[in-house]
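Structural characterization, general
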Protein chains: 2
Amino acid sequence: MVQSNNLAIVLVSGGMDSLAVLAHAKSIHQKLALVHLNYGQKTSQKERLCFDKICDHYEVEHKYRKVIDMNFLSQIGGSSLTDEQIEVSIFKGDSDEIPSSYVPFRNTHIIAMAVSWAEVMGANKIYIGANEEDSPGYPDCRPSYYKIYNELIKEGTASANITIETPIIHLKKSQIIELANKHNAPLEYTWSCYSRSDKACGVCDSCALRLRGFKELNIKDPIDYVNRNE
Amino acid sequence: MVQSNNLAIVLVSGGMDSLAVLAHAKSIHQKLALVHLNYGQKTSQKERLCFDKICDHYEVEHKYRKVIDMNFLSQIGGSSLTDEQIEVSIFKGDSDEIPSSYVPFRNTHIIAMAVSWAEVMGANKIYIGANEEDSPGYPDCRPSYYKIYNELIKEGTASANITIETPIIHLKKSQIIELANKHNAPLEYTWSCYSRSDKACGVCDSCALRLRGFKELNIKDPIDYVNRNE
């Protein structure tokens, strides 16, 4: 990777993956701008709290923090994360099936937001914690999707100098945890559970993958669980 | 074009171009779902009113009408259409320069919205009134941009069967008016002015292009102007 001191934007969900990406980006760029998207998911308040704690931890100035409301995604519906009528699916092992937590075309919205902000701020890199293992059935978490998105940005923006970086796309969950720990990232400020906000449920797709990652490394996840299911 | 009776989504801004596209799509598809995006532009209330009148005119059922709030674009800023600090540019003739009304990456957001809704509704076509003449300096109004966007949809959606249709992309403004008139579209319910909502200003980029189109056809624009500047 080419060293750059320019401003970069990092999409920070409040989860473990985007924190690892942020910690990695911080080792490359002089200045970071962090953006958090609230798209009406069931655990959005908890994730917002994690974002704030992460910003404070990294002493990010207020003009470089942005929270954007994407509640229109819940108006559109179709996902268990935003629609109370649809049950969050229980992890059944790796599969190519589209999980019920899939928000149609979600990452396209999220990245478009970051691209618009990058144009205004003059940033030329956008970091996202997309990961194949994390989302085996999500069509917009594959490397081929990001390759085409970079072409779309080149074609559809005025500055044409912005690219998406997906540094953890091929990493296993345990390797993401190692990356975060290498950079002393505060994993205790992250949240992955799709179902609950008080203690993590331990059984949804996202909890199951997270717990498996820690188990492989033989270290303890610093957050609280109702049921560790290990 | 292949005849299809399936459901199609039409992006209806309240302007003349999207009305012509809607009238055209109505001649092809049995069922249409109309979506209107409010992105905090100065004339948004007027455009919303036009959308409602157009829906009523075509007797669109309420479940097939959707208004989505995209105010986050004004939070991001950078355009004269959403930022009160930036002046709306006066039309200076055709030019490849990016106008001040450019909202960074705007069409990417708008189309992503339509794609998400299309996935939920089971529609396989999305019609948009993108036009090169209308937006000579807008990077996201070029055919090459839509070609790549279609690839992104194919890669990034679960159904992978949705495509964007841009039937007026190569038409001159006067040809768009002819298309609308051919299908008896209610042009009196459209609004194009970027500056005003009571009467059209007649001098912004958008008014100037609209008036030029009517002048070429030697017919009178049915909406009111402060200054026709013809």
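Procedures and definitions
Residues numbered from 1 in each chain as written. Chains lettered and ligands numbered in written order. Predicted model: local features only at pLDDT ≥ 70, side-chain atom pairs only at ≥ 80, totals over all residues. Heavy atoms only, no water. Axes fitted to C-alpha atoms, helices over the stretch in contact; angles between N-to-C directions. Helix = DSSP H or I, 4+ residues; strand = E, 2+ residues; numbered from the N terminus. Parallel < 35°, antiparallel > 145°, perpendicular 65-115°, else oblique. Contact = heavy atoms within 4.5 Å. Buried < 20%, exposed > 50% of the residue type's maximum accessible area, 1.4 Å probe, protein only. Pairing = 2+ DSSP bridges. Buried area = accessible area lost by both parts, 1.4 Å probe. Salt bridge = Lys/Arg side-chain N within 4 Å of Asp/Glu carboxyl O. Polar contact = N/O pair within 3.5 Å; in protein donor to acceptor, adjacent residues only side chain to side chain. Nonpolar A, V, L, I, M, F, W, Y, C, P; charged D, E, K, R; others polar. Least-squares fit on C-alpha atoms with pLDDT ≥ 70 in both. Right-handed = clockwise from strand over helix to strand, strands pointing away.

1. Considering the packing of helix H6 (residues 173–182) of chain A against helix H7 (residues 205–217) of chain A
Residues and elements named next belong to chain A.
- Running from amino to carboxyl end, H6 crosses H7 at an angle of 70°, the nearest separation of the two axes being 8 Å. Viewed along their axes, H6 and H7 adopt a mutual orientation that is roughly perpendicular. Facing Lys173, Ser174, Ile177 and Glu178 of H6, the residues of H7 in contact are Leu209, Arg210, Gly213, Phe214, Glu216 and Leu217.

2. Observations regarding the pairing of strand S1 (residues 7–11) of chain A
Residues and elements named next belong to chain A.
- In terms of burial, S1 is largely enclosed, as five of its five residues are buried.
- Every second residue of S1 is oriented toward a common face, with Leu7, Ile9 and Leu11 on one face and Ala8 and Val10 on the other, all of them buried.
- Sheet topology note: the S1/strand S2 (residues 31–38) ladder contains five bridges and is parallel. Paired with Leu11 across the bridge in S2 is Val35.

3. Notes on the interface of chain A and chain B
- With 37 residues of chain A at the interface, the matching set in chain B holds 37 residues.
- Contact between chain A and chain B buries roughly 3100 Å² in total, counting both sides, with carbon and sulfur atoms accounting for 70%.
- Taken together, the links from chain A to chain B amount to two salt bridges.
- Across the pair B:Arg142 and A:Glu155 runs a salt bridge, and its minimum N-O distance is 3.7 Å.
- Seen at the junction of chain A and chain B, the total is eight residue pairs in polar contact (both at pLDDT 80 or more).
- Counting only elements with at least two residues in the side of chain A that touches chain B, the list comes to strand S3 (65–69), helix H3 (72–76), helix H4 (106–121) and helix H5 (143–156) of chain A.
- Classifying every residue of the side of chain A that touches chain B by side-chain character gives 21 nonpolar, nine polar and seven charged.

4. What to know about the relation of the copies chain A and chain B
- Laying chain A over chain B is done by rotating through 180° and shifting 0.0 Å along the axis; what remains is an RMSD of 0.0 Å. Here the symmetry operator amounts to a two-fold rotation axis. When each C-alpha of chain A is compared by its distance to the rotation axis, A:His109 comes out closest, at 3.1 Å.
- Comparing interface residues between copies, 100% of those in chain A also lie at the interface in chain B; the contact surface is shared.

5. Describing the pairing of strand S2 (residues 31–38) of chain B
Residues and elements named next belong to chain B.
- Within S2, six of the eight residues are buried, which leaves it mostly tucked inside the rest of the structure.
- Crossover connection from strand S1 (residues 7–11) via helix H1 (residues 16–26) to parallel S2: handedness right-handed.
- Between S2 and its parallel partner strand S3 (residues 65–69), the chain crosses via helix H2 (residues 44–57), and the hand of that crossover is right-handed.

6. Side note on the sheet that holds strand S5 (residues 163–165) of chain A
Residues and elements named next belong to chain A.
- Within the open sheet, the five strands sit side by side as S3-S2-S1-S4-S5. Their pairing is parallel. Looking at the sheet topology across the chains shown, the edges are occupied by S3 and S5. On average, each strand axis in the sheet is tilted by 25° relative to the strand beside it, whichever way the strands run.
- As judged from the three bridges shared by S1 and strand S4 (residues 125–127), these two strands associate in the parallel manner. The residue bridging Val10 from the neighbouring strand is Tyr127, located in S4.

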